[in-house]
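Residues per chain, in single letters:
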Amino acid sequence: MGMVFSFAMGALIDHYGARGEIRIAFVISAIVMSVLMVIHTLTMVLTIEKPREIAKERKIDFKAVFTDKKIIKISIVFMLWYIASYSATPFYGAYQIADDGLGFSQTFVAVLSAVYAVARILFSIIWGKYADKFSFAKMLRICFLIAGVGFLINVFCVPENGHIVYTAYYICNAIAMAGINSALINLCFDYVDESKRADALAVSLALAGVCGFGATLIMSALVSKIQANGNSFLGMSLFAPQVLSAIAFVLTMVTMLYAIFAFKNEGRINEK
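Computed from a predicted structure; not experimentally measured.

The rules we used
Residues numbered from 1 in each chain as written. Predicted model: local features only at pLDDT ≥ 70, side-chain atom pairs only at ≥ 80, totals over all residues. Heavy atoms only, no water. Helix = DSSP H or I, 4+ residues; strand = E, 2+ residues; numbered from the N terminus. Buried < 20%, exposed > 50% of the residue type's maximum accessible area, 1.4 Å probe, protein only. Contact = heavy atoms within 4.5 Å. Areas by Shrake-Rupley, 256 points an atom, 1.4 Å probe, with all protein chains shown as cover. Lys, Arg positive; Asp, Glu negative; His and termini not counted. Charge placed at Lys NZ, Arg CZ, Asp CG, Glu CD. Salt bridge = Lys/Arg side-chain N within 4 Å of Asp/Glu carboxyl O. Core = buried A, V, L, I, M, F, W, Y, C linked by side-chain atoms within 4.5 Å. Expected span 1.5 Å × (residues − 1). Phe/Tyr/Trp six-rings, centres within 6.5 Å; stacked < 30°, edge-to-face > 60°.

A.B. asks: Pulling in residues and values, what's your account of the overall build of the chain?
C.D. replies: When helices and strands are counted, the chain shows ten helices and two strands. Along its sequence from the N terminus, the chain presents helices and strands in the succession α-α-α-α-α-α-α-α-α-β-β-α. Projected onto the principal axes, the alpha-carbon positions of the chain cover approximately 65 × 55 × 35 Å. Counting across all 272 residues of the chain, residues that qualify as buried make up 38%. Considering only contacts in the chain between residues 6 or more positions apart, those separated by 24 or more positions represent 77%. Surface summary for the chain: the accessible area is close to 15700 Å², and the carbon and sulfur share equals 69%. Separation of charge centres in the chain, based on 22 positive and 17 negative side chains, amounts to 7 Å.

A.B. asks: I'd like a description of the pattern of salt bridges, backed by residues and values.
C.D. replies: When charged atoms on two side chains of opposite charge get close, those side chains can pair. Under the counting rule described, the total for this entry stands at two salt bridges. Note that Arg19 and Glu21 form a salt bridge whose closest N and O atoms lie 3.3 Å from each other. For Glu21, a relative accessible area of 27% translates into the label partly exposed. Residue Asp68 pairs with Lys196 through a salt bridge whose shortest N-O separation is 3.1 Å. Residue Asp68 is located in the loop between α3 (62-66) and α4 (69-86), and its partner Lys196 is located in the loop between α8 (162-191) and α9 (197-228); the two are separated by 128 residues in the primary sequence. You can call Asp68 buried: its relative accessible area is 13%. Taking relative accessible area as the criterion, Lys196 reaches 22% and is therefore assigned partly exposed.

A.B. asks: Kindly report on the nonpolar core, identifying the contributing residues and their values.
C.D. replies: Formed by 65 residues in total, the largest nonpolar core has its most connected members in Ile74, Trp81, Leu140, Phe144, Tyr166, Ile180 and Phe263. Secondary structure elements with two or more residues in this core: α4, α5 (92-97), α6 (106-133), α7 (136-154), α8, α9 and α10 (240-262). By residue number, the principal contributor to this core is α8, which donates 16 residues. Ignoring any residue separated from it by four or fewer positions in sequence, one finds Ile180 in contact with Trp81, Leu140, Cys143, Phe144 and Ala147.

A.B. asks: Tell me what's going on with α6, and back it up with residues and numbers.
C.D. replies: Across its 28 residues, α6 extends 40 Å between first and last C-alpha, which sits within 8% of the 40 Å expected from 1.5 Å per residue. If you check which residues of α6 are buried, you get Val109, Ala110, Leu112, Ala114, Tyr116, Ala119, Trp127 and Ala131. Residues of α6 that are buried make contact with α1 (2-18), α5, α7 and α8.

A.B. asks: An account of the packing of aromatic side chains is needed here, citing residue identities and associated values.
C.D. replies: Under the definition given, this model contains 16 aromatic pairs. Aromatic side chains Phe104 and Phe108 sit 4.9 Å apart centroid to centroid with 65° between the ring planes, which places their arrangement in the edge-to-face category. Judged by its relative accessible area of 4%, Phe104 is buried.

In structure tokens:
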């Protein structure tokens with residue numbers, strides 16, 4: 001349903017855009033979004049919860065978290081990946097549709113989303129079986145490698161080859177993310193004592209979110225500088241997303257290497 005909806009909305013935006021009436025497309029999109037939000041809210045309001053005991057309020061034991069070496073290692077993996085990913089991916093959306101970028105139509109963007117969803121669904125099953133057989137840590141290393149390959153491919157993405165090269169990157173990203181999201185979370189279940197798992201996950205996600213946000217802010221300044229120089233970087237004619245993709249590739253490889261050495265000799269809790 002998500003694929004069909006995205007394709008329909010993309011076609012609608014392209015239709016009004018071609019007629020020079022893009023404002024109408026925005027108005028229709030806003031109305032559709034508002035209606036969907038109202039319906040979504042009503043489904044929650046009208047849902048009756050089963051009565052249950054109210055859990056006692058508890059606070060995160062920061063001392064226990066920050067003195068546990070395994071939790072620290074997991075948090076670092078989270079932070080490194082968020083820095084690598086958010087150094088580039090937030091800027092790809094504008095690059096796809098900008099007239100001075102790849103110039104994709106909204107319909108093609110919707111098609112890309114459908115391809116992404118299919119690839120991710122298929123590989124979620126494959127990665128799940130692999131992780132059950134070996135471990136989430138081993139799966140994570142492979143997924144980081146694939147994500148890095150995707151960023152490397154995107155270094156060469158320009159308007160002349162954008163449809164093919166960006167699609168290749170997007171598929172690689174879908175395959176990688178099918179494993180990375182679940183692997184990061186399940187590292188806490190594989191390597192952290194049960195009493196600390198919730199705290200480990202909460203702290204790791206919070207720190208990673210701050211790091212990712214910071215990386216995006218820093219890269220925003222670099223993007224502005226490259227664009228102000230007429231899409232030029234170090235004397236070379238390059239679009240900002242190409243430079244960011246190169247940076248993301250290097251950072252992702254660093255993350256992969258860290259994951260390899262950090263969990264090289266660690267034993268899974270559920271295997272002990």
